[in-house]
Amino acid sequence: MRAPVPPPAAPERIVDSLLEPFRQFAGIASAGGIVLLAVTAVALAWANSPWAASYHHLWEMPLALSVGTLTVRSTLHHLINDGLMAVFFFLVGLEIKRETLAGELQTLRGAALPMVAALGGMVVPALLYEMVNVGGAAGAAAGWGVPMATDIAFALGVLALLGDRVPVGLKVFLAALAIVDDIGAVLVIALFYTGGVQWGALGAAAVLLLLAAGANRAGVRRPWAYGLIGIALWVAVLLSGVHATVAGVLLAMTIPVRTRIDEPAFLASARHTLTEFDAAAEVTASDPQTTVLSNTAHHTALEELETLTELAQPPLIRIEHSLHAVVAFGIMPLFALANAGVTLSGAAVRGALSHPVMLGVLLGLVVGKPLGIIGFSWVAIRLRMASLPNGVTWPMLAGAGVLGGIGFTMALFIAGLAFADASLLEAAKLGVIAASSVAGVSGWLLLRSRVR
């Protein structure tokens, strides 16, 4: 007897089965780091290929926006670094706000160890860099901020490769340390890598920031309202002389964290709405003339349930969740593609290897980061300001300190602000890429030998 032929799969199910591997990949904690690594390899290959000229010409492509008599001119490279990266810093600001209100930075006791460790991870690398570059080439000393930064996506991505063997306390420590490190990087950018301040534009930015805070107090919960204010705030900060990406962090501090409906009210309303949905579904099942498309009660119940869900979720969490994929798989890879393309010819590499800027960055990230993190942590624990997280040993903490030397995104960004001279910038980029590679592999090997 012939087996029955299975019915053809619905087109929706075929599409879902094809997209499922990509969904699973996007859900891995290390996925963003893997994409960044792949894009960095593409940028390096492109910048060292026979088509290297097209790589540099693409990012220096002139752009202009005219509104009436006002014309703004820029390049594609600046649009990415000053514009799209503001969205990255906005997401960083949301994470900082969430951690300080309801995360590891909520209490002084819980925040003490990552805060002190992050401070050491910023101070020691900066000092080592300055020791190498003091009295060196003109402008080289300005790069002290480059080895201060930790790339949270890469660091947590490497940690995620070890799976469940890593204690939760170590993951929390490294995440909190990276958040505090981001706060330090933002302050460094705002205070030390800013040109002449235009007080009129800065005053306009302050007014817009107060407007966003007032919208929060007034109960405005629509993301588009803060988006409009954010665009105006970005323009004002850009014109003020302060780096435009700081606008993203400032706007994030005004995003609401309160819900419009409490849990009991949500549950009661949701149960009532589900009852209405059930009744509408029975009508569709019992009446052949009524379809899902024509059942108005069915649509109304679903719309009410969607509205209730939005009211019960804090806007900060909703916006942060919606931006994660955009930043991890869009903005950060595009930034890496535009900034990681450095020349790796024999002469260029030999020159960079002996360049004080590259040596300072390499020494700061590979040596200074773990020394600062471990040393300051030891002092904090010795003074009983903090204690080791549960299940975490000193060798594990040392491994996390080594991973802190992965500077990549933030370090490349600060390098672009610090150096106007192309040769200094190229040396700094090579130092960041080399140091991040060494720190990533060394940290993974050290932790792999210490976790079970």
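Below, the structure is looked at part by part.

### Considering unusual backbone geometry
The backbone of R384 sits at a positive phi, close to 60°, despite the residue not being glycine. Mapped onto the fold, R384 is located in the loop between α15 (356–382) and α16 (394–403). Given the relative accessible area of 73%, R384 is considered exposed.

### Some details on the pattern of salt bridges
By the definition in use, this model includes 3 salt bridges. The closest approach of N and O atoms between E99 and R98, which form a salt bridge, is 3.1 Å. Classification of R98 by relative accessible area gives partly exposed; the value is 27%. R98 serves as the salt-bridge partner of E320, at 2.7 Å between the closest nitrogen and oxygen. One end of the pair, E320, is in helix α13 (residues 315–339); the other, R98, is in helix α4 (residues 76–102), and 222 residues separate them in sequence. One network of salt bridges, in which partners are shared, links R98, E99 and E320.

### Considerations on the environment of V367
Counting through the fold element by element, V367 comes out in helix α15. Here V367 falls in the partly exposed class, since its relative accessible area comes to 34%. Expressed as a C-alpha distance, the spacing of V367 and V168, which sit 199 residues apart in the sequence, is 26 Å.

### Some words on the nonpolar core
F88, F89 and F419 are the most contacted members of the largest nonpolar core, which totals 110 residues. Considering each element in turn, this core owes the most residues, 12 residues, to helix α7 (residues 168–192). Sequence-distant contacts of F88, that is, excluding residues within four places in its chain, are made with V327, I331, M332, T409 and M410.

### Remarks on a nonpolar patch on the surface
On the surface, a nonpolar cluster with roughly 560 Å² of combined accessible area is contributed by W224, L228, I231, V235 and L239. Along the chain, the position of I231 falls in helix α9 (residues 223–240).

### Examining helix α3 (residues 52–59)
All buried positions along α3 are accounted for by A52, Y55 and W59. Projected down its long axis, α3 carries its buried residues within an arc of 55°, all on one side.

The rules behind these values
- Residues numbered from 1 in each chain as written.
- Predicted model: local features only at pLDDT ≥ 70, side-chain atom pairs only at ≥ 80, totals over all residues.
- Heavy atoms only, no water.
- Helix = DSSP H or I, 4+ residues; strand = E, 2+ residues; numbered from the N terminus.
- Buried < 20%, exposed > 50% of the residue type's maximum accessible area, 1.4 Å probe, protein only.
- Salt bridge = Lys/Arg side-chain N within 4 Å of Asp/Glu carboxyl O.
- Core = buried A, V, L, I, M, F, W, Y, C linked by side-chain atoms within 4.5 Å.
- Contact = heavy atoms within 4.5 Å.
- Patch = residues over 30% accessible without salt bridge, like charges linked within 9 Å, V, L, I, M, F, W, Y side chains within 5 Å.
- Areas by Shrake-Rupley, 256 points an atom, 1.4 Å probe, with all protein chains shown as cover.
- Arc of directions from axis to C-beta.

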